Amino acid sequence: INSTFCVQTAEGAFALQRVHEEIPDSALEDMEVVTAYLAEHEFLVPRILRSRADTLFVRDHERARWRLYCWVPGTVRNSLEDSAAARSAGIFLGKLHRALATLKYQLKGSIPHFHDTPYIASKLAALKGHILEAVRAMPENVAEGLTATVESITEQALIVLPHLFLTEVVAGAPQLIHGDPKASNLLWNETGEVVGILDCDTFLYHFPAIDVGDALRSWCKRQGADGASAFDLEKYRSATEGYCAGLG
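Model, not experiment: these values are computed from the prediction. (Residues numbered from 1 in each chain as written. Predicted model: local features only at pLDDT ≥ 70, side-chain atom pairs only at ≥ 80, totals over all residues. Heavy atoms only, no water.)

(A) Just the pairing of strand E2 (residues 12–18), in detail. Pairing between strand E1 (residues 3–9) and E2: 7 bridges, direction antiparallel. Of the residues in E2, the one forming a bridge with Thr-4 is Gln-17. Counted between consecutive antiparallel strands, the loop separating E1 from E2 contains 2 residues. In the sheet, E2 pairs with strand E5 (residues 65–70) via 5 bridges, with the strands oriented antiparallel. The residue of E5 that forms the bridge with Phe-14 is Cys-70. (Pairing = 2+ DSSP bridges. Helix = DSSP H or I, 4+ residues; strand = E, 2+ residues; numbered from the N terminus.)

Printed below as a string of structure tokens:
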């Protein structure tokens, strides 16, 4: 969501970003603290460079915020091609969670209700009537048969979801997690290992299982014979085995 540019200079390469307006200033403070900690633990992460005025960003004539990092070495992949890649990604995420569990820092800029499924379900419940009204307002040839389908799907979601909410009894205590460990946020080295992670605006305190679930949703995709997206169980097994190994 941030406009990102690679800037080549005599002093090396840098990443220049126009920070999205939805990201609070305090999230940049969090990022500076947490990425400094991760860098100390030998993770490759984007590190903000402070301005000459010792600020984390500068504003342009339109009041937009810009920040600068040293370029992080490594390559990015939009998907994980095989089980070996899934295992490497899992090992990395396990190590990341193990490191973050020891950082005692009070976050200031977490996105409100990010990965807050009970809150999202409550919003769905509140909107249920409006959703059905919107369907009924569609042209008759579209709305016919669709109203019952939408009502059934909404009802089922609201009945089933509460039984699937994670709790501390199931998932353990919340800790600091990344928040968005999808495939395209991982950094790979030349030997095919995950060594770093990008998009560090989403740190939050939540169950590590939230990160794992979000990761598996992204990592385990494959194209089915019919062209539709399917869930790859081999990648799933390799990723979860790798995660356990990385977590120790």
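That covers the picture; the talk isn't over yet.
(B) Summary view of the packing of aromatic side chains. The tally for this structure, following the rule as stated, stands at 3 aromatic pairs. Taking 5.6 Å as the distance between ring centres and 80 degrees as the angle between the ring planes, the aromatic pair formed by Phe-43 and Phe-92 counts as edge-to-face. One end of the pair, Phe-43, is in the loop between helix H1 (25–40) and strand E3 (48–49); the other, Phe-92, is in helix H2 (residues 83–100), and 49 residues separate them in sequence. The residues Phe-43 and Phe-92 share a single accessibility class, namely buried. Note that Arg-65 overlies the ring of Phe-57, its terminal NZ or CZ placed 5.8 Å from the centroid. In this structure, Arg-77 packs its charged tip against the face of Trp-188, placed 3.8 Å from the ring centre. (Phe/Tyr/Trp six-rings, centres within 6.5 Å; stacked < 30°, edge-to-face > 60°. Buried < 20%, exposed > 50% of the residue type's maximum accessible area, 1.4 Å probe, protein only. Lys NZ or Arg CZ within 6 Å of the ring centre and 35° of its normal.)

(C) Spatial organisation of helix H7 (residues 208–219). Taking 1.5 Å as the rise per residue, H7 with 12 residues should run 16 Å; its terminal C-alpha atoms sit 16 Å apart, in good agreement. Of all the 12 residues making up H7, 9 are buried; the element is thus mostly covered by neighbouring parts of the structure. Of all the residues in H7, the buried ones are Pro-208, Ile-210, Asp-211, Val-212, Asp-214, Ala-215, Leu-216, Ser-218 and Trp-219. (Expected span 1.5 Å × (residues − 1).)

(D) Fine view of the nonpolar core. Val-34, Leu-38, Leu-80, Leu-96, Leu-186 and Trp-219 are the most contacted members of the largest nonpolar core, which has 42 residues in total. Taken together, the elements giving at least two residues each to this core come down to H1, H2, strand E7 (186–188), strand E8 (194–197), H7 and helix H8 (233–247). For this core, the leading source of residues is H2, giving 8 residues. When neighbours within four sequence positions are excluded, Val-34 is seen to be in contact with Leu-100, Leu-103, Tyr-105, Leu-107, Leu-176 and Phe-203. (Core = buried A, V, L, I, M, F, W, Y, C linked by side-chain atoms within 4.5 Å. Contact = heavy atoms within 4.5 Å.)

(E) Geometry of the environment of Asp-180. Checked against the element boundaries, Asp-180 lands in the loop between strand E6 (175–177) and E7. Residues Asp-180 and Arg-136, 44 residues apart in the sequence, show an inter-C-alpha distance of 36 Å. Residues in contact with Asp-180, not counting those within four places in the same chain, are Asn-185, Asp-199, Thr-202, Asp-211 and Asp-214.

(F) Structural view of the environment of Ser-218. Relative to the elements of secondary structure, Ser-218 occurs in helix H7. According to the relative accessible area criterion, Ser-218 is buried, its value standing at 13%. Each C-alpha atom, one on Ser-218 and one on Glu-40, is 28 Å from the other, the two residues being 178 residues apart in sequence. In this view, Ser-218 contacts Lys-182 and Ala-183; residues no more than four positions away in its chain are not counted.

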